Amino acid sequence: MADGTPPPEPDGPDPVGPASAVRPFLLTAGRVADGTDGRSMPVETQVVATPEGLDALDRLSFEQHDIVAVCRLPQSIAEIAARLRLHLNVVRVLAEDLRAEGRLTVHVPDSGVVHDASVLRRVIDGLRAIPDARGVLSDSD
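Residues numbered from 1 in each chain as written. Predicted model: local features only at pLDDT ≥ 70, side-chain atom pairs only at ≥ 80, totals over all residues. Heavy atoms only, no water.

The protein chain carries the name DUF742 domain-containing protein in an unreviewed UniProt entry, which gives Streptomyces ferrugineus as its organism.

Below, the structure written as structure tokens:
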């Protein structure tokens, strides 16, 4: 990762320890997350490494290396940021760079499905069905 340790495997343990002390704007050379159409990648965008990206791992910067390495299996932008302890917008900028270089394949979900209220309701209901540490279910609305 940014401190030189290898990234965790996608199904392995999450990283332990402090997040990188490097300021986010240094990792992106001051660029902000902004797609070609003026919008940044949604956090649910799925990203997967290409064979070219995996072949180029030893030639990538620390953060780019970590992103490609963790994307051996499809990961969302949010999962990558959490797993690597990088700022969400840093991951967006670097993932867009890697996509432009052919190192990542990016799959943006259909925006109509993302804004479907019934999907959000099912997610909320599913989260409420998970008991807390005491085994107690969350209260309803």
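### Structural notes on the overall build of the protein chain
The criterion, for reference: Only DSSP runs of H or I reaching four residues or more are called helices, and only runs of E reaching two or more are called strands; each is numbered from the N terminus. Accessible area is worked out with a 1.4 Å probe on protein chains only. A residue is then buried under 20% of its type maximum, exposed over 50%, and partly exposed in between. Residue contacts are defined here by distance: any two heavy atoms, one from each residue, within 4.5 Å place the two residues in contact. For the area figures, the Shrake-Rupley method with a 1.4 Å probe applies, and any residue is considered shielded solely by the protein chains shown.
Across its full length, the protein chain holds 7 helices and 3 strands. Sorting the 141 residues of the protein chain into buried and exposed places 33% on the buried side. Considering only contacts in the protein chain between residues 6 or more positions apart, those separated by 24 or more positions represent 69%. With the model as given, the accessible surface of the protein chain reaches about 8800 Å², and the carbon-plus-sulfur share is 57%.

### A word on the sheet that holds strand β1 (residues 46–49)
Test applied: We call two strands paired when DSSP finds no fewer than two bridges between them.
One open sheet accounts for 3 strands, arranged β2-β1-β3; its pairing is antiparallel. The open sheet is flanked by β2 (75–76) and β3 (104–107), the only strands paired with a single partner. Summarising the sheet, β1 and β3 pair through 4 bridges and their orientation is antiparallel. Looking at the pairing, valine 47 lines up with valine 106 of β3.

### Points about the nonpolar core
A general feature of soluble globular proteins is that nonpolar side chains tend to end up buried together. Formally: Among buried residues, the Ala, Val, Leu, Ile, Met, Phe, Trp, Tyr and Cys ones that are joined through side-chain atoms within 4.5 Å form a nonpolar core.
Counting 21 residues, the largest nonpolar core has Ile67, Val68, Cys71, Ile80 and Leu104 as the members making the most contacts within it. For this core, the secondary structure elements donating two or more residues are β1, α3 (62–70), α4 (77–84) and α5 (88–100). In terms of residue count, α5 provides more of this core than any other element does, 5 residues in total. Setting aside its immediate chain neighbours within four residues, valine 68 contacts Ala49, Gly53, Leu54, Leu57, Leu60, Leu98, Arg103 and Leu104.

### Focus on the pairing of β1
Bridging between β1 and β2 involves 2 bridges; their strand directions are antiparallel. Within β2, the residue paired with glutamine 46 across the bridge is serine 76.

### Comments concerning the pattern of salt bridges
Pairing is possible between side chains that carry opposite charge, provided their charged atoms lie close to one another. How we decide: We define a salt bridge as a side-chain nitrogen of Lys or Arg found within 4 Å of a carboxyl oxygen belonging to Asp or Glu.
In this structure the tally under the stated criterion is 3 salt bridges. Across the pair aspartate 58 and arginine 59 runs a salt bridge whose closest N-O atoms are separated by 3.9 Å. The pair formed by aspartate 58 and arginine 59 is uniform in burial state, with each residue classed as exposed. We note a salt bridge from arginine 99 to glutamate 96, for which the minimum N-O separation is 2.5 Å. Of this pair, arginine 99 and glutamate 96 both sit in helix α5, 3 residues apart, which is roughly one turn of that helix. Residue classification places arginine 99 among the partly exposed residues on the basis of a relative accessible area of 34%.

### Quick notes on a nonpolar patch on the surface
Stated precisely, the cut-off is as follows: Within this analysis, patches are made of residues with over 30% relative accessible area and no salt bridge. Like charges are joined at 9 Å or less; nonpolar side chains (Val, Leu, Ile, Met, Phe, Trp, Tyr) at 5 Å or less.
Together, Leu120, Val123, Leu127 and Ile130 give the surface a local cluster of nonpolar side chains, amounting to about 380 Å² of exposed area. Position of leucine 120 relative to the elements: it lies in helix α7 (residues 117–128). When its relative accessible area of 52% is taken as the criterion, leucine 120 is described as exposed.

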